[in-house]
Amino acid sequence: MLPQLLRVAFFHLIGISFLSAQSLRVATVNFWSGLDYRGAIMMGEYEPDSTRERRLEILIQEMKEAAPDIVALQEPNPVYHVASRLADELNYDYVYQRTNGGVKLGGIGLPCNLNEGLVLLAKKELDLRLVDVWDLSKTFGVFGNTLSFHFEDQNIALVGSVVVGGIEIVLINTHMSSAVPDDSSSRSKLSSLLGERSANAEQRESSFQRLQEEARKRGAETEALLEGLGQLRGKPFVILGDFNATCESPEIQLLVQKERLVDAARVRGLDLPTWDAEGNANVRYSLQNTMNADVLDFGGPLGAWYDSLSRRIDYIFLSSTFSPADVGKVQLLLSRARDGLYASDHYGVMAEISLKSLERTSGRE
């Protein structure tokens, strides 16, 4: 017990000088799984193991160059392998949570190659701790690092904390469900696609109801995230993740307005796409249209159309305990190919955050 207390005290002392000396660099990266999410025994893979390994090496190289203090990863697969490899290479602490694993005991089960999750990594002096896991999907089944039993996608928020200068900062890493938004453009495209398939009135009604249901699902996930944020009791927090939604979407608007969040990229005028259909070669896999699929199915024509539109869907949000003036440099990560290969189908985002507002509110100035 005593060594642990000494360790915490030591890191808190380091954190005091850390707080005074520099800003905190936080990064979010969706590290593409490379799976097509089809198959019961084994899911289809878009690339050989050698390419996936090279993408991981590129990710590690870029993290070493960017040197973020905190990294949030979404979609790494297998999650434990990617988390431990990055932590070893970067000398960071980490916590992780498997979210999508199918039926598994440990790493054994089906689909045999699905062990996807979320990861938080932080420099050791920040004393990273696991706080909680918030279930956003609230569907039937169990997800976890030891036992997994579910047949639908699970979406969660992985909650950790770091301590800087004696101040606890909560970190929320999330990956929200991917769905075509229920807006006028999508409805027009859906109507056109149904016309091409000579859909009858019943099929059209069913398709539009399903589009609405997907929107309601995303709304429910956002409400669950807000419910979790309500438990933080005024603590400063940073939300990092792949929201699969533009900043104009109802979900993002609700989240930002209700919690008065600071959108780091928007503050610095960096409204560049993190899903770059024109520039990122890995996006082409999402544009493959399975013509015999249902119009709204994953890999179907509506999703392929939507994924052909570049947009910003990866975010760093700061709680209202920060101010827009606390946001320093914001930049894209993984936005260029190395040896002709992109590390992911998303670009990452890194923001430099001043902790002056926290110093003032904690009485440290």
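The shown structure was predicted, so the numbers you read here are calculated from the model rather than taken from an experiment.

A. Here's a closer look at the sheet that holds strand E1 (residues 24–30). Pairing in this open sheet of 6 strands is mixed, and the strands run E3-E6-E2-E1-E15-E14 from one edge to the other. With one partner strand each, in any of the chains shown, strand E3 (92–100) and strand E14 (327–333) form the two edges of the open sheet. The mean angle between the axes of side-by-side strands here comes to 10°, regardless of whether they run parallel or antiparallel. Pairing geometry for E1 and strand E2 (residues 70–74), over 5 bridges, is parallel. Bridging from a neighbouring strand, Val26 pairs with Ile70 of E2.

B. Region of the structure containing helix H4 (residues 184–196). With 13 residues, H4 extends 19 Å between its outermost C-alpha atoms, agreeing within 8% with the 18 Å of an ideal straight helix rising 1.5 Å per residue. Those residues of H4 that sit buried are Ser186, Leu190, Leu193 and Leu194. Looking straight down H4, one finds its buried side chains confined to an arc of 100°; they lie on one side. Facing away from the buried surface of H4 by more than 90 degrees, the exposed residues are Ser184 and Glu196. Those residues of H4 that are buried are in contact with helix H5 (201–229) and helix H8 (301–307). In the segment just after H4, Ser198 is the residue with positive phi, at about 55°.

C. Spotlight on the pairing of strand E15 (residues 348–353). Within E15, 5 of the 6 residues are buried, which leaves the element mostly enclosed by the surrounding structure. Bridging between E1 and E15 involves 5 bridges; their strand directions are antiparallel. Counted as the bridge partner of Ala27 is Met350 from E15.

D. Spatial organisation of the side chain of Glu75. Of note, Glu75 is situated in the loop between E2 and helix H3 (79–90). No salt bridge forms around the buried Glu75; measuring N to O, its nearest opposite-charge neighbour Arg55 is 7.5 Å away. At 3.1 Å, the side chain of Glu75 and the side chain of Asn30 are in polar contact. In this view, Glu75 contacts Asn30, Phe31, Trp32, Ser33, Tyr37, Glu116, Gly117, Leu118 and His175; residues no more than four positions away in its chain are not counted.

E. Representation of the confidence of the model for the protein. Across the protein, the average pLDDT comes to 91, with 92% of residues at 70 or higher. Here residues 4–21 scores under 50 on pLDDT; set against residues more than four positions off or in separate chains, the count is 30 contacts.

F. Here's a closer look at the packing of helix H2 (residues 49–66) against H3. Remark: H2 packs on H3, axes separated minimally by 10 Å, with the N-to-C direction vectors making an angle of 40°. By the angle between their directions, the pair H2 and H3 is classed as oblique. When the axes of H2 and H3 are compared, the crossing they make is right-handed. In this structure, H2 contributes Glu53, Leu56, Glu57, Leu59, Ile60, Met63 and Lys64 to the contact, and H3 contributes His81, Val82, Arg85, Leu86, Glu89 and Leu90. The residue inventory of the contact of H2 with H3, partitioned by class, reads 7 nonpolar, 1 polar and 5 charged.

What counts, and where the lines are drawn
- Residues numbered from 1 in each chain as written.
- Predicted model: local features only at pLDDT ≥ 70, side-chain atom pairs only at ≥ 80, totals over all residues.
- Heavy atoms only, no water.
- Pairing = 2+ DSSP bridges.
- Helix = DSSP H or I, 4+ residues; strand = E, 2+ residues; numbered from the N terminus.
- Axes fitted to C-alpha atoms, helices over the stretch in contact; angles between N-to-C directions.
- Expected span 1.5 Å × (residues − 1).
- Buried < 20%, exposed > 50% of the residue type's maximum accessible area, 1.4 Å probe, protein only.
- Arc of directions from axis to C-beta.
- Contact = heavy atoms within 4.5 Å.
- Lys, Arg positive; Asp, Glu negative; His and termini not counted.
- Salt bridge = Lys/Arg side-chain N within 4 Å of Asp/Glu carboxyl O.
- Polar contact = N/O pair within 3.5 Å; in protein donor to acceptor, adjacent residues only side chain to side chain.
- pLDDT = per-residue confidence, 0-100.
- Parallel < 35°, antiparallel > 145°, perpendicular 65-115°, else oblique.
- Left-handed = near helix turned anticlockwise from the far one by under 90°.
- Nonpolar A, V, L, I, M, F, W, Y, C, P; charged D, E, K, R; others polar.

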